[in-house]
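# Topology and contacts: notes
Here's the letter readout for the chains.
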Amino acid sequence: MKRSTSRWSSRPAALPGRVGDQRRAVLGGRGTLRPSRTAAALRPTSNRLSARLSGRLWGLLVGLILVAAAARMVVAAPLGLPAVPIPPDNPQTPEKIALGEKLFHDKRFSATGEISCASCHAAEKAFTDSPKPVSEGIRALKGTRNAPTVVNAAYLTTQFWDGREPDLESQSLQPFVNPVEGGLADHGPIIEIVRTDPDYVAAFRQVFGKTAETITIDDVAKAIASFERTLIAGDSPFDRFYFGGDPDALTPQQIRGLSVYLVQGRCNSCHVIEQDQALFTDNKFHNVGVGIDRIEGDVPELASAFLKAKNAGVDVDVEVLTNPKSSELGRFAVTDDISTVGAFKTPTLRNIALTAPYMHDGSLATLEEVIEHYDNGGFTGEGPANPYLSGGIRPLGLTEQQEEDLVAFLKALTSPEYAALAEQTPDATRDDAPARPDTPRQVRAPGQGAAPPVASSIPAAARAAIDPAQ
Ligand code: HEC
Ligand code: HEC
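Residues numbered from 1 in each chain as written. Chains lettered and ligands numbered in written order. Predicted model: local features only at pLDDT ≥ 70, side-chain atom pairs only at ≥ 80, totals over all residues.

This paragraph deals with the overall build of the chain. A count of helices and strands for the chain gives 20 helices and two strands. Counting only residues that meet the buried cut, the chain has 47% of its 470 residues in that class. (Helix = DSSP H or I, 4+ residues; strand = E, 2+ residues; numbered from the N terminus. Buried ≥ 20, exposed ≤ 12 C-beta atoms within 10 Å, placed from the backbone.)

A separate point is the site of ligand 1. Around ligand 1 sit 27 residues in total, of which Cys117, Cys120, Phe160, Trp161 and Pro175 are the nearest. Contributing elements (two or more residues each) for the shell around ligand 1: α5 (117-120), α6 (168-172), α7 (174-177) and α14 (316-322). Looking at the shell around ligand 1, its residues break down into 16 nonpolar, nine polar and two charged. (Near = placed C-beta within 6 Å. Nonpolar A, V, L, I, M, F, W, Y, C, P; charged D, E, K, R; others polar.)

The next subject is helix α18 (residues 400-410). When α18 is considered as a whole, its buried residues turn out to be Gln402, Glu403, Asp405, Leu406, Ala408, Phe409 and Leu410. Looking at the buried residues of α18, the elements they touch are α12 (252-262) and α17 (367-375). (Contact = placed C-beta atoms within 7 Å.)

Two elements in contact, helix α4 (residues 94-104) and helix α9 (residues 198-208), have axes separated by 9 Å at closest approach and are oriented at 145°. Both α4 and α9 take part in a crossing whose hand is left-handed. Taking contact as the criterion, the partners of Glu95, Lys96 and Leu99 in α4 are, on α9, Ala203, Gln206 and Val207. Residues belonging to the contact of α4 with α9 are distributed by class as follows: three nonpolar, one polar and two charged. (Axes fitted to C-alpha atoms, helices over the stretch in contact; angles between N-to-C directions. Left-handed = near helix turned anticlockwise from the far one by under 90°.)

With respect to the helices and strands, serine 339 occurs in the loop between α16 (332-335) and β2 (344-345). The class for serine 339 is partly exposed, based on 16 C-beta atoms found within 10 Å. C-alpha of serine 339 to C-alpha of asparagine 287: the two residues are 52 residues apart in sequence and 9.5 Å apart in space.

Glancing now at the site of ligand 2. For ligand 2, the set of nearby residues contains 26 residues, the closest of which are Gly265, Cys267, Cys270, His360 and Gly392. The biggest single contributor to the shell around ligand 2 is α17, with four residues. Here the residues of the shell around ligand 2 sort into 16 nonpolar, nine polar and one charged.

Next up on the list: α4. For α4, the set of buried residues is Lys96, Leu99, Gly100, Leu103 and Phe104. Projected down its long axis, α4 carries its buried residues within an arc of 140°, all on one side. For α4, the secondary structure elements touched by its buried residues are α5, α9 and α10 (217-228). (Arc of directions from axis to C-beta.)

With 99 residues, the main nonpolar core has Ile224 and Leu410 as its most contacted residues. Among the elements that take part in this core, α10 stands out by supplying six residues, more than any other. Once you skip the residues sitting within four places of it in the chain, isoleucine 224 turns out to touch Gly100, Leu103, Phe104 and Ser172. (Core = buried A, V, L, I, M, F, W, Y, C linked by C-beta atoms within 7 Å.)

Moving on: the environment of tyrosine 261. Along the chain, tyrosine 261 turns up in helix α12. Accessibility expressed as a C-beta count within 10 Å gives 22 for tyrosine 261, which makes it buried. Between the alpha carbons of tyrosine 261 and leucine 406 there is a distance of 6.5 Å; along the sequence they are 145 residues apart. Among residues more than four places away in sequence, those in contact with tyrosine 261 are Cys267, Asn268, Leu406 and Phe409.

So, about the confidence of the model for the chain. Considering every residue of the chain, the mean pLDDT works out to 81; 74% of them sit at 70 or more. Across residues 1-74, confidence stays below pLDDT 50; counting only partners more than four residues off in sequence or on other chains, it has 87 contacts. When the criterion is pLDDT under 50, residues 428-470 qualifies, and its contacts beyond four places in sequence or with other chains add up to 126 contacts. (pLDDT = per-residue confidence, 0-100.)

One way to put it is that α4 packs onto α10 with a least axis distance of 7 Å and a crossing angle of 100°. Judged on the interaxial angle alone, α10 and α4 are roughly perpendicular. Taking contact as the criterion, the partners of Lys96, Ile97, Leu99, Gly100, Glu101, Leu103 and Phe104 in α4 are, on α10, Val220, Ala223, Ile224, Ser226 and Phe227. The residue makeup of the contact of α4 with α10, split by class, is eight nonpolar, two polar and two charged. (Parallel < 35°, antiparallel > 145°, perpendicular 65-115°, else oblique.)

As a further point, take unusual backbone geometry. For the peptide bond that leads from serine 130 to proline 131, omega is 10°, which places it in the cis range. Following the sequence through the fold, proline 131 ends up in the loop between α5 and α6. Cis geometry is adopted by the peptide bond preceding proline 357, which originates at alanine 356 and carries an omega value of -5°. If you trace the backbone, proline 357 turns up in the loop between β2 and α17. With a phi close to 55°, alanine 140 is a non-glycine residue in the positive phi region. You can see alanine 140 is positioned in the loop between α5 and α6.

Quick look at the structure:
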């Protein structure tokens, strides 16, 4: 599917010969970035942004208030993020969000009564299950993949590491019935509970105007998705520095790390920072050399066995989360295109200091290990890089100091509310970013509807998506 006018397409292309162009675009046309130019050079967008805002701010605010009143929704994106896209057929209401939050935490929706969404997506761990390398569902059954954060998942154009679901609504129906997650045979038991529990019956009547016997699983999915669309985190020290114009929000080391991120590390070509917002993802799929070593010798056999099973009607969600080898096929499970073997979606880097270990298989324990992996050109140890490796991944030649600076920068991506939550919870992973929850928020216009699904992308589109360097 071609998405020529979507917000996502405004990103400058990361072509090898045009790194300078991209850098200029990121830096607002100021030319080459040198670490010595520090805060002023790294902040050219903020002045322009505030000039643009002051002109339009009142119109924007009035519009926002009118639209919010009409749709009974208020969508305020924190500093550093665009408006939250809300699908027209699932508008936000406070009651629906509250219902979704209750559903998200209800352990009765699993075969053993042990597991809710929150078991693997816990608020104090920035909505992951850190420090587990791979998730554990009912009876401590292990899946194959590391739980990504649900925070800011509202912005993603596909869901799951391989993008096999198009939106939050469809995604939310899978964990209940995956044998290594909720373990239910089908959604029947959930329907039974929401149609008989008096609190749910009252809530679904209020939110959807439904009588008990007409509540459907799609209503459940809509409420959960609405709750997830409120899990939005920006306003990190990085945002206050880069978009908010506060020169003291980052330490000198973190500012040097930002420079490594943008220039020599080329992290920005996939974990995108735009002129006035940063999702830290391009919503595309790349093989960065993680996990592929476990299947490299058998790719042709595995791929054809997988296609056969898929054509015979095997449930892809179940197959990739229960079969470690199928899991490593990555994006191939969706595209059937061999060039996308071992490619996974670029994850956000927000709150990354709170969500160790890293990568789709949780195989890299620390941020230092991640940086080392990239510095090595996408493979650890001996031997040549895997044949499916993204052209955007190659040895970086970073000094030890640059690696440390980069890690320090990644720790500046923690939002204050999640730093505070982690701080209050003894066993949650810690981060040293200062919490400043009193920072004023930037209000933007509400989104115009859902981003288009790309889970059914044709192979040609997938080929274009797999490698930003082509
Ligand atoms: C047993 C642990 C577990 C449970 C329970 C669970 N999840 Fe997840 N979640 C995961 C894992 C692991 C993945 C990644 C799987 C993959 O990509 O194949 C994931 C992926 C996601 C994603 C995609 C995020 C992205 O970046 O693509 C969302 C959204 C999500 N889960 C929401 C939910 C909701 C809502 C529920 C409850 C209905 C839920 N999860 C229950 C472990 C869990
Ligand atoms: C070619 C695109 C690309 C480039 C360049 C890139 N990344 Fe990534 N990054 C990804 C993808 C894709 C993943 C997930 C890979 C996987 O799990 O197999 C990822 C994963 C990560 C993770 C783990 C996130 C998590 O939640 O587990 C971190 C941290 C990270 N990258 C940081 C960086 C840094 C720092 C740089 C620059 C040195 C960088 N990346 C360069 C695409 C890229």
